[in-house]
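The chain contents come next:
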Amino acid sequence: MKLLWSLAIAAGLALSIAAPASAGKLDDIKAKGEIKYGLEAQYRPFEFRDENNNIVGYDIDLADAFAKSLGVKAVPVDTNWSTVIQSLYNGDFDMIQGGMTATQKRFEKVNFSVPYMDAASGLMMKKEGGPADFKGLDGKAVAAGTGTPQIKMLQDCAAAAGIAFDGEIQTFDNDALAYEAMKSGRIAGYASTIVSLLEGQKANPDLKAMSWNCDGKFGGEWTAAAFRKEDEDLRAAFDAFILESKKNGLLKDLQMKWFGQSFVEALPDKAPAW
């Protein structure tokens, strides 16, 4: 009986040695020849649709360069931003690269890459007749992007400043719709990242974008790619690519192309974590 038991153990050990280890996410991507990344194509200049309905922008160029470094093709997947993390875990794409701000709440579900863009918050208001500062939004309707950290920032900053908005904070999936709501007087302020608001200001000269960090309450915020907790091999490859792109000038070139200025020097070399 002991002999039979020993033989069974030996056979099991042999099978475990012979069985190939399951491939990691990076190996799977290389085998498929493509990497899919989730975004919502309504966030200029990170990603948006051009006159030919092609998705273009900063994230697109960066993802194409990353995919090239892996020897694969980059495939953007336009998705609903409010459910983007769930879609990642559903397997709809391999990573999220869509101008996402790294936050503690999101970190509970995903791991972030080394930052590849500044994500400091900003406010958009009317240039003429609009509030002069954040406290000027007291008693007025305000909005933020759907599923963005700026919603909570508006709430926290209002409490800190001792003001109250008119009704609940409204949300928009599309920045352009928020700008139209502001022009028509339905909202007095719209919160998003300062870089996206500066882009929106170009097409809306009657609006003004201003930096906003709740009187110093909030520190630096960063745009980073997001990965499933188990896909550390893919995250490590993206981190290495971003760090190299900072050294060889690619990141600076793409930022100059899409934002008109470089933020490379301000970006940390360590991934956000809590």
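Overview of the structure.

### What about the overall build of the chain?
Part 1: Scanning the chain from N- to C-terminus turns up 10 helices and 15 strands.
Part 2: Counting only residues that meet the buried cut, the chain has 49% of its 274 residues in that class.
Part 3: Restricting to contacts in the chain with at least 6 residues of sequence separation, those with at least 24 account for 73%.
Part 4: Only carbon and sulfur atoms are counted for the fraction: they give 53% of the accessible area of the chain, which is about 13600 Å².

### Quick word on the sheet that holds strand S2 (residues 42-43)
Part 1: What the 3 strands build is an open sheet, ordered S2-S3-S4; its pairing is antiparallel. Each edge of the open sheet is held by one strand with a lone partner, namely S2 and strand S4 (55-56).
Part 2: With 2 bridges connecting them, strand S3 (residues 47-49) and S4 associate as antiparallel partners. Along S4, the bridge assignment pairs Phe 48 with Val 56.

### A short note on the packing of aromatic side chains
Part 1: Evaluation of the coordinates by the stated rule reveals 17 aromatic pairs.
Part 2: Residues Tyr 179 and Tyr 190 carry aromatic rings whose centres are separated by 6.0 Å and whose planes lie at 90 degrees to one another, so their mutual orientation is edge-to-face. With Tyr 179 in helix H7 (residues 175-183) and Tyr 190 in strand S12 (residues 189-193), this residue pair connects regions lying 11 residues apart in the sequence.
Part 3: Taking the relative accessible area as the measure of exposure, Tyr 179 reaches 4% and is therefore buried.
Part 4: Pairing Phe 238 with Phe 241 gives two aromatic rings, centres 6.2 Å apart and planes at 50 degrees, and the pair type is tilted. Linking Phe 238 with Phe 241, this pair stays in helix H9 (residues 232-248), spanning 3 residues, or about one helical turn.

About the criteria used
- Residues numbered from 1 in each chain as written.
- Predicted model: local features only at pLDDT ≥ 70, side-chain atom pairs only at ≥ 80, totals over all residues.
- Heavy atoms only, no water.
- Helix = DSSP H or I, 4+ residues; strand = E, 2+ residues; numbered from the N terminus.
- Buried < 20%, exposed > 50% of the residue type's maximum accessible area, 1.4 Å probe, protein only.
- Contact = heavy atoms within 4.5 Å.
- Areas by Shrake-Rupley, 256 points an atom, 1.4 Å probe, with all protein chains shown as cover.
- Pairing = 2+ DSSP bridges.
- Phe/Tyr/Trp six-rings, centres within 6.5 Å; stacked < 30°, edge-to-face > 60°.

It is worth stressing that arrangement in space is one thing and function is another; only the former is reported here.
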